[in-house]
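# Observations on chain architecture
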Amino acid sequence: MKPPPFSYHDPGTVGEVINLLKTLENPKLLAGGQSLMPMLNMRYVMPDNIIDLNKVDGLSYIEENNTGINIGGMTLQRDLEFSDLIKKKCPLMNDALQQVGHRQTRNRGTIGGSLSHLDPAAELPAVCAAHDAVIVLQGPKGEREIPFSDFPIAYMTPATEIDELLTGVKITSWKDGHGYAFIEFARRHGDFAITSAAALLEVDGAGAITRASLTVGGVGAAPVRMNEIEESLIGQSGDEDKFRELCEACREIDALGDVYASSEYRQHLATVMSRRALVKAYARANRKG
Amino acid sequence: MGETRKISLTVNGKSYEEEVEVRFHLADFLRQKLGLTGTHLGCEHGVCGACTILMNGKSVRSCLMLAVQADGQELTTIEGIAPSEDEMHPLQEAFRDNHGLQCGFCTPGMLTTLLEFLEDNPDPSEEEVRIAISGNLCRCTGYQGIVAAALDAAQRLRDAKGV
C-alpha cells in the first residue's frame, strides 16, 4: 500500500463538502483521481483528509442553455466524449477529448478534476481558454463565477479558495458550422501534450474570417490566448502562408523548458501546432453560415 | 493500521464483504486481500495499464482508485473472463494463436481493455485498435501480435454472434 495514511470522507451534498473543507485539517478533494491517485501513490501529496466527491449529488450533467452548455464539475470525460450535445455545441471539446489520456482514464477522469489540477499541457483547460468558459465555484458564502482567463493564478494553481469547490463550467457556443480544431504534439497517443493548439473560426460567405480564437497549451504556465494573432486573422482567407507568418508570434510566448523539451523547442512547436489548427479549423468552417 | 471501512462488492460474480484500510488502492486490495493476483501492478501511477480491470463493464485502472470507492460495484478481473475452468474466452484464444503475449505481464490489462473496446466497436480498424491499447505498455511483443490478436478476436466475436 502506497498512499500515506489519511481519513476518508464521502459526503453526499455540496454543502457537506464545503463544511468539511472548512473544518478538516489539510483536506484534499478527490474527483476522478486520475491525477491525485498517482500523486498519493508516490506520496507527492500527503493530505490528512480525503474528501471523495463521487457520491455528491447533482454534480454530473451536460445541459443546454440559451447560449451554450452547462457542465457539472464531476461529469466524466467519458460522458463528455460520447455526448451528442457536446459534439453539436462544443465540437472543439470532442476533438480535444480524443487526446485526453486513454479510455481507461477517461472512464474515471472528470472535467472539474482536470481544470482544478490545471496541468499546463492538459487539453480541457485549453478548451476552456479557447471558449472563454466561465468557472462556477461554490464556497461558504455561496456561488461565484469567474472567467477562465482569471482562473489560473500560477503554475498548476487555480483561483479556487481553500474552502471552495468547482461545481460547474459554462461554455458559450460559437455559431453553428464554425470551424474548430484541437491539435497536439505528444510522444505517444494519450500522453500529455508537449505543446497543443486549439482554434475556433467563424467564416463569412466569401470565405473571410469574421471571428477567431487561438489558444496554445503546454508552453506557458497556463493555456495562452494569442490575442494579437486572433485580431490579425479577421478578414483573412484560409491562406496557409499567411497563417504561417502570423503564427510566428508564438515564439514570443514565455515558455516552460524541462527535460522533455526546451523552451525554444516548445515555442517552435507552438508555431507549427497553431498553423495546423488554423488550417484544419478553416477547412471545417461552413462558409454558408 | 490506519482508518478502515467495511465494503461489499462483487468480483467475477462472487460477493465479498471485507474490512479494508481506506488508503488501500483497489489493485492492492484485489491482490492482497482477495488473492486475485492476475491483476498486475507495473507503475502504480496510471501509465502502464497492467492493472486495468472492468468496473460495471468499463475499463479502469485499479491503481488509480481506492478500494473503498469500489463499495457496491461489480468488478471483472482477468480471472473472471473465461466462461469456465477448461474453456477460454475467444479473446484469450486469439491472443494464444497470434503470439499476443510473451511474458504475460501486460496481458491482463490488454484483455480487459480490449473486452470493453470490442463491445463498443465490434469491427475496428487496425489504427483504432492501436489507439485503444495506447494506454497499455508491452515490452515483449512490439505490439504486432497483440494488434493481430485483437483484430482476430473481433472477427471471432462477430462470427459467434452471427454477424
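All figures in this text were calculated on a predicted structure; none of them were measured in a lab.

## Things to note about the sheet that holds strand β7 (residues 142-147) of chain A
Residue and element names in this part refer to chain A. Spatially, the five strands line up as an open sheet ordered β4-β5-β10-β6-β7, and their pairing is antiparallel. Only two strands of the sheet have a single partner each, and these edge strands are β4 (62-64) and β7. Between one strand axis and the next, the sheet turns by 20° as a mean value, whatever way the strands run. Here six bridges tie strand β6 (residues 134-139) to β7, and the two strands are oriented antiparallel to one another. Among the inter-strand pairings, Ile-135 is bridged to a residue of β7, identified as Ile-146.

## Some points on the domain arrangement of chain A
Residue and element names in this part refer to chain A. Here the domain parsing of chain A yields domain 1 (7-52), domain 2 (62-172) and domain 3 (179-284). The C-alpha-based centres of domain 1 and domain 2 are spaced at 19 Å. Residue-level contacts link 11 residues of domain 1 with 16 residues of domain 2. With both sides pooled, the region where domain 1 packs onto domain 2 buries about 1000 Å², and carbon together with sulfur makes up 75% of that total.

## Brief notes about the side chain of Gln-92 of chain B
Mapped onto the fold, Gln-92 of chain B is located in helix α2 (residues 90-97). Not counting the four nearest positions on each side in its chain, Gln-92 of chain B is found in contact with Ile-81, Ala-82 and Leu-111 of chain B.

## Observations concerning the sheet that holds strand β5 (residues 74-76) of chain B
All names here are of chain B. Taken in spatial order, the five strands make up an open sheet running β2-β1-β5-β3-β4, and their pairing is mixed. The open sheet terminates on both sides in strands that have one partner only, identified here as β2 (14-21) and β4 (58-61). Strand-to-strand twist across the sheet, computed as the mean angle between neighbouring axes with direction ignored, equals 40°. Where strand β1 (residues 4-11) lies against β2, eight bridges are found, and the strand directions are antiparallel. When the bridges of β2 are listed, Leu-9 appears paired with Tyr-16. Here helix α3 (residues 107-120) sits on the sheet and contacts β3 (52-55), β4 and β5; the angle it forms with β3, its principal contact strand, is near 35°.

## Considerations on the interface of chain A and chain B
Residue-level contacts link 28 residues of chain A with 30 residues of chain B. Carbon and sulfur atoms make up 53% of the surface buried where chain A meets chain B, a total of about 2700 Å² over both sides. Our enumeration of links across chain A and chain B arrives at seven salt bridges. With a closest N to O distance of 2.9 Å, Arg-103 of chain A and Asp-120 of chain B form a salt bridge. Where chain A meets chain B, there are 18 residue pairs in polar contact (both at pLDDT 80 or more). For the side of chain A that touches chain B, the elements supplying multiple residues, two or more each, are β1 (7-9), α2 (36-41) and α6 (103-106) of chain A. When grouped by side-chain class, the residues that make up the side of chain A that touches chain B number 10 nonpolar, 11 polar and seven charged.

## Topic: helix α1 (residues 14-23) of chain A
All names here are of chain A. Buried within α1 are the following residues: Val-14, Val-17, Ile-18, Leu-20 and Leu-21. For α1, the buried positions fall inside an angular range of 160° around the axis, keeping them on one side. Opposite the buried face of α1, at more than 90 degrees from it, the exposed residues are Lys-22 and Thr-23.

## Some details on the packing of aromatic side chains
Residue and element names in this part refer to chain A. Applying the stated criterion across every chain yields a total of two aromatic pairs over all chains. Plain terms: the ring middles of Phe-243 and Tyr-282 are 6.4 Å apart, the flat faces sit at 70° to each other, and that makes the pair edge-to-face. Here the residue Phe-243 occupies a position in helix α10 (residues 240-247), and Tyr-282 occupies one in helix α11 (residues 263-284), the gap between them amounting to 39 residues. In this arrangement the basic side chain of Arg-211 is found over the ring face of Trp-174, its NZ or CZ atom lying 3.7 Å from the centre.

The rules behind these values
- Residues numbered from 1 in each chain as written.
- Chains lettered and ligands numbered in written order.
- Predicted model: local features only at pLDDT ≥ 70, side-chain atom pairs only at ≥ 80, totals over all residues.
- Heavy atoms only, no water.
- Pairing = 2+ DSSP bridges.
- Helix = DSSP H or I, 4+ residues; strand = E, 2+ residues; numbered from the N terminus.
- Axes fitted to C-alpha atoms, helices over the stretch in contact; angles between N-to-C directions.
- Domains from an automatic or database assignment.
- Contact = heavy atoms within 4.5 Å.
- Buried area = accessible area lost by both parts, 1.4 Å probe.
- Salt bridge = Lys/Arg side-chain N within 4 Å of Asp/Glu carboxyl O.
- Polar contact = N/O pair within 3.5 Å; in protein donor to acceptor, adjacent residues only side chain to side chain.
- Nonpolar A, V, L, I, M, F, W, Y, C, P; charged D, E, K, R; others polar.
- Buried < 20%, exposed > 50% of the residue type's maximum accessible area, 1.4 Å probe, protein only.
- Arc of directions from axis to C-beta.
- Phe/Tyr/Trp six-rings, centres within 6.5 Å; stacked < 30°, edge-to-face > 60°.
- Lys NZ or Arg CZ within 6 Å of the ring centre and 35° of its normal.

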